[in-house]
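The lines below spell out each chain.
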Amino acid sequence: MGLVTWSVGVLFLSTLLLCSADVHHYEFFVRESNFKKMCNTSTLLVVNNSYPGPEIRVHRGDTVFVNVHNRGKYGFTIHWHGVKQPRNPWFDGPEFITQCPIRPRTNFTYKIILSEEIGTLWWHAHSDWTRGSVHGAIVILPAENETYPFPTPDGEQTIILESWYNGNFKKIIDKALAAGTPPPQPDAYAINGHLGDTYGCPTDTIFRMEVDYEKTYLLRIINAAMNEQQFFTIMNHTLTVVAVDASYIRRFKSDYILISPGQTMDVLVSANQNAGQYYMATRPFSDSDVPPVDFITTGIFQYTNFVGGSNASLITLPAMNNTDAMLNFISRIRNTNVTQNPPINVPVDTDINRRVFITLAVNDLPCKNSKCVVSDGFAASLNNVSFVYPHIDVLQAYYRNIRGVFAETFPFLPPEFYDFTGNLTGVVSAVEVGTRAICVNYGDAVEIVLQSTQMGAGGSHPIHLHGYSFYWVGAGFGNFNGETDPSTYNLVDPPLMNTIDVPGTGWVAIRFFANNPGVWYMHCHFERHTSWGMSTVLIVRNGSTIETSIRPRPSTMPRCHRT
């Protein structure tokens, strides 16, 4: 019954969108360029010589073609984060999951099929750490026959929060993986590529947003940081959160937001204070035993025609380890039953026919590289399986039935149960390396419980699932209890997300109908954890009709080195 309701709702929404859908074309030229920040010059791989990269601006339901020209020195791919790509995994983008890299001196055109997404998403490279400098916004405006579910703002501004390194992102992670050591902390954080006025270099620039008195602005906020959740605020102004991960939510007001890597938020702010310059500011949040560097990065919210200074001492943000501030914010995120959202259709208990319980951990593995400086290097795992990228993409292997590339044997339960969030003295969990996938049937109602552990330094994990928005139905601290915790689930108005943060000493539960056939990556959006193997693949098998099956493989897919 639930899947039928969902199908009717999406069919109705799709019919409206097709009436005015448009086609857009973009050209991305990806090459290395020099950028001077912190009184240093760094060489970054960027798109169209811009950091951050160009904005894709479309309407809901449109189709976008992006021709990506690789003018760099190594292969990479692009992912369209949060775009579901119905039946179209070929253009989703993660390297060695749905495609092989775009080789130097070649190009590849992506076809991006938008459906019910609305608001703000983003695109980024999905190879090594190149997303640190290869990223940009996707702005999805209402369709021509739609309105916002709030008064139309007077203006808007995209705000991308970033990690800045005085060096090349790919070289940084390559060196760390070869040595078996953790990658370094960032040298700064950035707002739209600007470091602000807190790092001491007189030539650093600060981002300025000019506003008119008594006007209301829509902020499209993206956390593109490599490994850091971020608090964000505008001093003396109230923020009204209206959407998360390209889905409208019940509006609520806050002095700050908390946004995890991969997430997007749409926020309204009114310029209703005395004319002046007000700091906008960001700093990390962490509940890990090994926190990120606690830098505050600034921008300016500037009223038109005002000339004057701002006082850094006026910046107030929650402390980096303020878990109460984190909980106070995320607990208010709820779905909203507006016509611009698809009808709420949460799989109920009697629908669920596929349950997966996954533990998240940071582990050790022997470092066998000749450049190792330690005996044990870092690994990360889901259910004690540390993911290994194959030599050809999983999607091609699945579609063509090529054996030996991956196994449909990801464990649906952890291999052993212990006090995941407690004292781990004496607990030794063996880690297996491999390419193992979760396989479900088309139409299955899926529940996944994600459980943090204290393995490694503990801490939160922002988990992103490609190809889907899922309902965030539950969360709690301690070890998940399958008998009692489901009674606390919110099945009435859970938000639709594509990236969910699993608290460092707790769990979250998500549910969705497996209605998008294909091969879809699921991974931690802390890049160091993905580099160490905290990921897996969700394979949704074809349904019984053409309309419920993967689209044919395009002939233009980049070739893998061994094929």
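What you are looking at is a predicted structure, and each value in this text was computed from that prediction instead of being measured.

## Some remarks on the overall build of the chain
Then, in step 1: Counting secondary structure elements, the chain contains five helices and 32 strands.
Then, in step 2: The C-alpha radius of gyration computed for the chain amounts to 22 Å, which stays within 12% of the reference 24 Å derived for 563 residues, consistent with globular compactness.
Then, in step 3: The C-alpha extent of the chain, read off along each of the three principal axes, is 65 × 60 × 55 Å.
Then, in step 4: Contacts spanning at least 24 positions in sequence make up 79% of the contacts within the chain whose residues lie at least 6 apart.
Then, in step 5: Carbon and sulfur atoms make up 51% of the accessible area of the chain, which amounts to about 21400 Å² in all.
Then, in step 6: One finds the centroid of the 39 positive side-chain charges in the chain at a distance of 8 Å from the centroid of its 47 negative side-chain charges.

## Description of the packing of aromatic side chains
Then, in step 1: If you walk through the whole model with that rule in mind, you get 32 aromatic pairs.
Then, in step 2: Note on Phe-231 and Phe-285: the rings are 5.7 Å apart at their centroids and 75° apart in plane angle, and the pair reads as edge-to-face. With Phe-231 in strand 13 (residues 229-234) and Phe-285 in strand 18 (residues 277-285), this pair connects stretches of sequence that are 54 residues apart. For the pair formed by Phe-231 and Phe-285, the shared burial category is buried.
Then, in step 3: Members of the aromatic cluster, each reached through a chain of ring pairs, are Phe-357, Phe-417, Tyr-418, Phe-420, Phe-480, Tyr-489 and Trp-507.
Then, in step 4: Here the guanidinium or amino end of Lys-37 rests over the ring plane of Trp-164, the centre of that ring lying 5.7 Å away.
Then, in step 5: Directly above the ring of Tyr-74 sits Lys-170, whose terminal nitrogen or CZ lies 4.9 Å from the centroid.

## Some words on the UniProt feature "domain: Plastocyanin-like" (unreviewed entry) in the chain
Then, in step 1: Using the residue numbers shown here, the UniProt feature "domain: Plastocyanin-like" (unreviewed entry) corresponds to residues 31-143, 157-304 and 432-543.
Then, in step 2: Between the end C-alpha atoms of residues 157-304 the distance is 15 Å, and the span holds 7% helix and 48% strand.
Then, in step 3: Annotation note: span residues 432-543, helix share 5%, strand share 49%, distance between end C-alpha atoms 32 Å.

## Observations concerning the nonpolar core
Then, in step 1: Counting residues in hydrophobic clusters, the biggest one holds 72 residues, and the most contacted among them are Phe-232, Ile-257 and Phe-301.
Then, in step 2: Every residue in contact with Ile-257, bar those within four places of it in the chain, is listed here: Ile-221, Gln-230, Phe-231, Phe-232, Leu-239, Val-241, Met-265, Val-267 and Phe-329.
Then, in step 3: By size, the runner-up hydrophobic cluster in this structure holds 47 residues, among which are Ile-56, Ile-78, Val-83 and Ile-112.

## Here's the deal with the state of the cysteines
Then, in step 1: As enumerated under the stated definition, the model contains three disulfides in all.
Then, in step 2: Between Cys-367 and Cys-372 runs a disulfide, and the two sulfur atoms are separated by 1.8 Å. Between Cys-367 and Cys-372 the sulfur-sulfur dihedral comes to about -75°; the bridge is accordingly left-handed.
Then, in step 3: The disulfide pattern of the chain is 1-3, 2-6, 4-5 when the bonded cysteines are numbered in sequence order.

## Side note on the sheet that holds strand 8 (residues 135-141)
Then, in step 1: Here four strands make up an open sheet; going across it, the order is 3-8-7-5 and the pairing mixed. Every interior strand has two partners, whereas the edge strands, strand 3 (56-59) and strand 5 (78-81), have only one. Between one strand and the next, the sheet's axes are offset by a mean angle of 20°, whatever the strand orientation.
Then, in step 2: Note that strand 7 (residues 119-125) and strand 8 share six bridges and pair antiparallel. Looking at strand 8, one finds that Trp-123 is bridged to Gly-136.

## Quick word on the pattern of salt bridges
Then, in step 1: Following the criterion strictly, the structure yields 18 salt bridges and no others.
Then, in step 2: For Glu-527, the salt bridge goes to Arg-131, with nearest N and O atoms at 2.7 Å. Placement of the pair is Glu-527 in helix 5 (residues 527-532) and Arg-131 in the loop between strand 7 and strand 8, with a sequence separation of 396 residues. Neither Glu-527 nor Arg-131 differs from the other in exposure class; each is buried.
Then, in step 3: Measuring nitrogen to oxygen at the nearest pair gives 2.8 Å for the salt bridge that ties Asp-349 to Arg-511. Of the two residues, Asp-349 is situated in the loop between helix 3 (323-330) and strand 20 (354-366) and Arg-511 in strand 30 (residues 506-513); the sequence distance between them amounts to 162 residues.

## Quick word on helix 3
Side chains of residues three or four places apart in an α-helix project in the same direction, reflecting 3.6 residues per turn.
Then, in step 1: Among all positions in helix 3, only Ala-325, Met-326 and Phe-329 are buried. For helix 3, the angular spread of buried residues about the axis comes to 100°, placing them on one side.
Then, in step 2: Capping the start of helix 3, Asn-322 holds a side-chain oxygen 3.2 Å from the backbone nitrogen of Asp-324, two or three residues further along.

## With respect to the sheet that holds strand 31 (residues 518-524)
Think of a sheet as strands paired side by side through backbone hydrogen bonds, with each pair either parallel or antiparallel.
Then, in step 1: If you trace the five strands from one edge of the open sheet to the other, you get 24-32-31-26-29, paired in mixed fashion. A strand with exactly one partner marks an edge of an open sheet, and here the two such strands are strand 24 (437-440) and strand 29 (499-502). Pairs of neighbouring strands in the sheet enclose a mean axial angle of 20°, with direction left out of account.
Then, in step 2: Of the strand pairs in this sheet, strand 31 and strand 32 (residues 535-540) are connected by six bridges, and their pairing is antiparallel. Each residue of the ladder has a partner; that of Met-522, found in strand 32, is Thr-536.

## Considering the pairing of strand 27 (residues 470-477)
Walk down a regular strand and you will see the side chains alternate between the two sheet faces.
Then, in step 1: By the criterion of burial, strand 27 is predominantly enclosed, with six of the eight residues buried.
Then, in step 2: Alignment of strand 27 against strand 28 (residues 496-497), held across two bridges, turns out to be antiparallel. Of the residues in strand 28, the one forming a bridge with Phe-470 is Met-497.

## A look at empty space enclosed by the protein
Then, in step 1: Going through the model one piece at a time under the given rule, you end up with two cavities of 30 Å³ or more.
Then, in step 2: Empty space within the largest cavity amounts to approximately 120 Å³.
Then, in step 3: Taken together, 13 residues form the lining of the largest cavity, with Ser-260, Gln-263, Ile-330, Met-497 and Asp-501 sitting closest to its centre.
Then, in step 4: Where the lining of the largest cavity is concerned, the elements lending two or more residues are helix 3 and strand 29.
Then, in step 5: Broken down by element, the lining of the largest cavity gets its largest block of residues, three residues, from helix 3.
Then, in step 6: For the lining of the largest cavity, a count of residues per class yields nine nonpolar, three polar and one charged.
Then, in step 7: Looking at the second largest cavity, its volume works out to about 60 Å³.
Then, in step 8: Residue lining of the second largest cavity: Lys-84, Glu-116, Glu-117, Ile-118, Ala-246, Ser-247, Asn-341, Pro-342, Ser-469 and Leu-496, and that is the complete set.
Then, in step 9: A class-by-class count of the residues in the lining of the second largest cavity yields four nonpolar, three polar and three charged.

Rules of the game
Residues numbered from 1 in each chain as written. Predicted model: local features only at pLDDT ≥ 70, side-chain atom pairs only at ≥ 80, totals over all residues. Heavy atoms only, no water. Helix = DSSP H or I, 4+ residues; strand = E, 2+ residues; numbered from the N terminus. Rg over C-alpha atoms; globule rule 2.2 N^0.38 Å. Contact = heavy atoms within 4.5 Å. Areas by Shrake-Rupley, 256 points an atom, 1.4 Å probe, with all protein chains shown as cover. Lys, Arg positive; Asp, Glu negative; His and termini not counted. Charge placed at Lys NZ, Arg CZ, Asp CG, Glu CD. Phe/Tyr/Trp six-rings, centres within 6.5 Å; stacked < 30°, edge-to-face > 60°. Buried < 20%, exposed > 50% of the residue type's maximum accessible area, 1.4 Å probe, protein only. Lys NZ or Arg CZ within 6 Å of the ring centre and 35° of its normal. UniProt positions renumbered as here; feature names shortened; annotations may be inferred. Core = buried A, V, L, I, M, F, W, Y, C linked by side-chain atoms within 4.5 Å. Disulfide = S-S within 2.5 Å. Pairing = 2+ DSSP bridges. Axes fitted to C-alpha atoms, helices over the stretch in contact; angles between N-to-C directions. Salt bridge = Lys/Arg side-chain N within 4 Å of Asp/Glu carboxyl O. Arc of directions from axis to C-beta. Polar contact = N/O pair within 3.5 Å; in protein donor to acceptor, adjacent residues only side chain to side chain. 1 Å grid on protein atoms, 1.4 Å probe; cavity = no way out; pocket = protein on both sides within 12 Å on 5 of 7 lines; lining within 4 Å. Points joined across faces, edges and corners; volume = space filled by probe spheres on them. Nonpolar A, V, L, I, M, F, W, Y, C, P; charged D, E, K, R; others polar.

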